[in-house]
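# Understanding the architecture of this molecule
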Amino acid sequence: MASVESERPGGELLVPTPVKIVIAGGFGTGKTTMVKSVSEIAPLHTEELLTEASVGVDDLAGVEGKTTTTVALDFGRITISPEIVLYLFGTPGQGRFWFMWDELAQGAIGAVVLVDTRRLDSSFPSIDFFERRDIPFIVAVNCFDDAHKYAVDEVRGALDLDKSIPVMLCDVRDRESSKSVLVGIIEHAMSRLDAMA
Amino acid sequence: MTGRGDWWYDEAAGPVVRPYAMVRGRTRPVTAELHLVTQVRAMPSASDPESLTVEHLEIMELCRRPLSVAEVAAYLDVPLVVVKVLLSDLIQRGDVVIRDPARVAEIPDRNLLQAVLDGVRGI
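Residues numbered from 1 in each chain as written. Chains lettered and ligands numbered in written order. Predicted model: local features only at pLDDT ≥ 70, side-chain atom pairs only at ≥ 80, totals over all residues.

## Some remarks on the overall build of chain B
Assigned secondary structure in chain B consists of five helices and three strands. Out of the 123 residues belonging to chain B, those deemed buried represent 41%. Put simply, 68% of the contacts in chain B that link residues at least 6 apart link residues at least 24 apart. (Helix = DSSP H or I, 4+ residues; strand = E, 2+ residues; numbered from the N terminus. Buried ≥ 20, exposed ≤ 12 C-beta atoms within 10 Å, placed from the backbone. Contact = placed C-beta atoms within 7 Å.)

And the structure:
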């Protein structure tokens, strides 16, 4: 971890600028594993308590009465410098927790959508989410040992992705591989900025 | 634990009551919106520690180095909403300073992205 200087010249307390990257994808695609492989701390866990008002009424099927429910968040941290700290947030389950996704995506550098080729459809809602909001994202195919290996173009075709969306193959258990995925989303976000300039 | 001795609830009230008792039933922070990654840093000493609860003091201790709202919640093991209320008390008292994400509604600027990119490559 980079050391944090306590003060700026002049005695003002130094408080870093936070940035974040969202790690999305269907259940079991390796989101928490990826956070774990690159985070400088063991992934942290926190919960938000929700009341009914926070959750879309149509999505409440099965949740009876005026109970509160919790949405769990797992996240990691990479101290970039004394001035900048990067957070990696795994998204909570798709569906009932979209409002939490909105908070996670707000101001994010971008998102990584993890894909398991054995269950491609489990990541469709994540892709839709970031496409609709025009948030920079890349697709990272987590290559599970027992899954058939597909080429990037095959995955792109199967997911019906725009050619501007980068697709990478990775093994999120591997730190270097996860790092290259993070580099991928940051570079993609930068190239989108350049295209807009 | 409110520190005020008003134990009006018991174990039967379940785990949800305690966090809200900690903030005396308040569910809305009174100051500016706090985001998950908003950085919090404690001033070198609290202005009037006697008037702070145990939880406030724990936050002051944790935030001797800058931490995000989400990290504070995780380390204290209380829901985010509770931490936001406690933090808003400390902000009002001037006992902590905060820094919001670069630009909340927008993606970060290019220089910041370049610095993050270099940083990630270097880990």
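## Thoughts on the packing of helix α2 (residues 54-62) of chain B against helix α3 (residues 69-76) of chain B
Residues and elements named next belong to chain B. Where α2 meets α3, the axes come as close as 11 Å, and the angle between the chain directions of the two elements is 120 degrees. Put simply, α2 runs oblique to α3. In this structure, the crossing between α2 and α3 has a hand that is right-handed. Residue-level contacts link E55, E58, I59 and L62 of α2 to V72, Y75 and L76 of α3. Per-class residue counts for the contact of α2 with α3 are five nonpolar, no polar and two charged. (Axes fitted to C-alpha atoms, helices over the stretch in contact; angles between N-to-C directions. Parallel < 35°, antiparallel > 145°, perpendicular 65-115°, else oblique. Left-handed = near helix turned anticlockwise from the far one by under 90°. Nonpolar A, V, L, I, M, F, W, Y, C, P; charged D, E, K, R; others polar.)

## Looking at the interface of chain B and chain A
You'll often see interface size given as the accessible area lost when the parts meet. Contact residues are listed per partner, giving 37 residues for chain B and 35 residues for chain A. Elements with a minimum of two residues in the side of chain B that touches chain A: β1 (39-42), α3, α4 (80-93), β3 (96-99) and α5 (110-122) of chain B. Among the elements that take part in the side of chain B that touches chain A, α5(B) stands out by supplying nine residues, more than any other. Of the residues assigned to the side of chain B that touches chain A, the class counts are 25 nonpolar, four polar and eight charged.

## Quick notes on the environment of A:N142
Residues and elements named next belong to chain A. In this fold, N142 is placed in strand β6 (residues 137-142). Along the sequence, N142 and T17 sit 125 residues apart, while their C-alpha atoms lie 30 Å from each other. Setting aside its immediate chain neighbours within four residues, N142 contacts T29, G30, L114, V115, D116, C170, D171 and V172.

## Examining the packing of helix α1 (residues 31-38) of chain A against helix α5 (residues 175-196) of chain A
Between two packed helices, what matters for the description is the angle formed by their axes and the separation of those axes. All names here are of chain A. Relative to each other, α1 and α5 sit at 100 degrees, their axes nearing to 9 Å. Taken together, α1 and α5 sit at an angle that is classed as roughly perpendicular. Packed against α1, whose contacting residues are M34, S37 and V38, the element α5 presents R175, S178, K179 and L182 at the interface. Of the residues contributing to the contact of α1 with α5, the split by class is three nonpolar, two polar and two charged.

## Some points on the pairing of β1(B)
Residue and element names in this part refer to chain B. Strand direction decides the pairing type here: β1 and strand β2 (residues 67-68), joined by two bridges, are antiparallel. If you follow Q39 over to β2, its bridge partner there is S68. Note that β1 and β3 share four bridges and pair antiparallel. By the bridge assignment for β3, A42 is matched with V96. (Pairing = 2+ DSSP bridges.)

## Looking at the confidence of the model for chain A
All names here are of chain A. Confidence in the prediction for chain A averages 85 pLDDT; 84% of positions are at 70 or higher. Taken together, the stretch residues 1-5 has pLDDT below 50 and engages in ten contacts with residues farther than four places along the chain or on a different chain. The low-confidence segment residues 53-66 (pLDDT under 50) makes nine contacts with residues lying over four places distant or belonging to another chain. (pLDDT = per-residue confidence, 0-100.)

## Some details on α3(B)
Residue and element names in this part refer to chain B. When you tally the buried positions in α3, you get six out of eight residues, the bulk of the element. V69, A70, E71, V72, A73 and A74 are the residues of α3 that are buried. Phi turns positive one or two residues past the end of α3, at D77, with a value near 60 degrees.

## Things to note about α4(B)
All names here are of chain B. Between its terminal C-alpha atoms α4 stretches 20 Å, which fits the 20 Å expected from 14 residues at 1.5 Å a residue. When you tally the buried positions in α4, you get eleven out of 14 residues, the bulk of the element. Listing the buried residues of α4 in full gives L80, V81, V82, V83, K84, V85, L86, L87, S88, D89 and L90. Just beyond α4, the residue with positive phi is G94, at close to 80 degrees. (Expected span 1.5 Å × (residues − 1).)

## A short note on the nonpolar core
Ranked by internal contacts, the top residues of the largest apolar core, which has 78 residues, are A:I21, A:I23, A:A111, A:V112, A:V113 and B:V69. Per-element tally for this core: the top contributor is α4(B), with eight residues. Beyond its immediate stretch of four places on either side in the chain, A:A111 contacts A:I21, A:V22, A:A24, A:A105, A:F130, A:I135 and A:F137. (Core = buried A, V, L, I, M, F, W, Y, C linked by C-beta atoms within 7 Å.)

## Structural notes on the sheet that holds β1(B)
Reading across from one edge, β2-β1-β3 (chain B) is the order of the three strands in this open sheet, with antiparallel pairing throughout. Sheet topology places β2 and β3 of chain B at the edges, where each strand pairs with a single neighbour.

## Section: unusual backbone geometry
Positive phi, normally seen in glycine, also occurs at A:D160, with a value near 55 degrees. As for its placement among the helices and strands, A:D160 is situated in the loop between α4 (152-159) and β7 (167-170). The exposure class of A:D160 is exposed, given the 8 C-beta atoms found within 10 Å. A positive phi is found at B:D77, a non-glycine position, where the angle reads about 60 degrees.

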